[in-house]
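One-letter residues, chain by chain:
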Amino acid sequence: IFIALTSNITIVVVLIIFRNFHISNIICDGAKKAIYVNGLPEMPLENVEFRNCVISAQTGADLHHCRNIDFVNVQIHPAEGDAFITSKAEYEIYN
């Protein structure tokens, strides 16, 4: 959310925190990208669990600026490239 008032130049910036997501029992075939998780450098997305998922996609999972991302019994099958592409990401895989 961004608000700017021109009379006295008041600027209000509100950052919304996204965390504590649980995604489970997903079967996907034919997606362009398996998973895309992208937080902000100053506010990483955190505490996301993927459980019991099978995903076939053109490319694998992109994880950027995130932490405490858990993959429990998750299969990612990319048509090209690696299953995981990461940058400043902390994640665990449990199978």
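Every value quoted in this text rests on a predicted model; they were computed, and no experiment measured them. (Residues numbered from 1 in each chain as written. Predicted model: local features only at pLDDT ≥ 70, side-chain atom pairs only at ≥ 80, totals over all residues. Heavy atoms only, no water.)

## A closer look at the packing of aromatic side chains
The geometry of an aromatic ring pair is captured by two quantities: the separation of the ring centres and the angle between the planes. Let me state the cut-off plainly: Pairing of aromatic rings covers Phe, Tyr and Trp, the last counted by its six-membered ring, and requires centre-to-centre distances within 6.5 Å; plane angles under 30 degrees mean stacked, over 60 mean edge-to-face, and any other angle means tilted. Think of it in three bands: residues with accessible area under 20% of the maximum for their type are buried, residues over 50% are exposed, and the middle band is partly exposed, with areas taken using a 1.4 Å probe on protein chains only.
In this structure the tally under the stated criterion is 5 aromatic pairs. Summarising the aromatic geometry, the rings of Phe 50 and Phe 71 are spaced 5.2 Å apart at their centres and angled 5° between planes, so their arrangement reads as stacked. The same class applies to Phe 50 as to Phe 71, namely buried. One aromatic cluster is present, formed by Phe 50, Phe 71, Phe 84 and Tyr 91 through successive ring pairs.

## Points about the nonpolar core
The condition is simple: Working definition of a nonpolar core: buried Ala, Val, Leu, Ile, Met, Phe, Trp, Tyr and Cys residues. They are joined through side-chain atoms within 4.5 Å. Each helix is a run of H or I in the DSSP string that is no shorter than four residues. Each strand is a run of E no shorter than two, and both are numbered from the N terminus. In this description, contact between two residues means that some pair of their heavy atoms is separated by no more than 4.5 Å.
Ile 35, Val 37, Phe 50, Ile 69 and Phe 71 are the most contacted members of the largest nonpolar core, which totals 16 residues. Going through the elements one at a time, β3 (19–38) and β4 (45–78) are the ones with two or more residues in this core. In terms of residue count, the dominant contributor to this core is β4 (13 residues). Residue contacts for Ile 69: discarding those within four places in its chain leaves Leu 45, Val 48, Phe 50, Glu 90, Tyr 91 and Glu 92.

## Some details on the confidence of the model for the protein
Note the following rule: For every residue, the predictor reports its confidence as pLDDT, a number between 0 and 100.
With 86% of its residues at a pLDDT of 70 or more, the protein shows a mean pLDDT of 89. For the protein, the element scoring lowest by mean pLDDT is strand β1 (residues 2–5), at 46; β4 scores highest, at 97.

## Concerning the pattern of salt bridges
Quick note on the threshold: Here, a salt bridge means any side-chain nitrogen of Lys or Arg that lies within 4 Å of a carboxyl oxygen of Asp or Glu.
Tallied over the full model, the rule gives 4 salt bridges. The partner of Glu 46 in a salt bridge is Arg 19, with the nearest N and O atoms 3.4 Å apart. In this pair, Glu 46 is assigned in strand β4 and Arg 19 in strand β3, connecting sequence segments 27 residues apart. Assessed through its relative accessible area of 14%, Glu 46 is described here as buried. Here Glu 46 ties to Arg 67 by a salt bridge, and the two come within 2.9 Å at their closest N and O atoms. In this structure Arg 67 comes out as partly exposed when scored by relative accessible area, which is 33%. Sharing partners across several salt bridges, the network here consists of Arg 19, Glu 46 and Arg 67.

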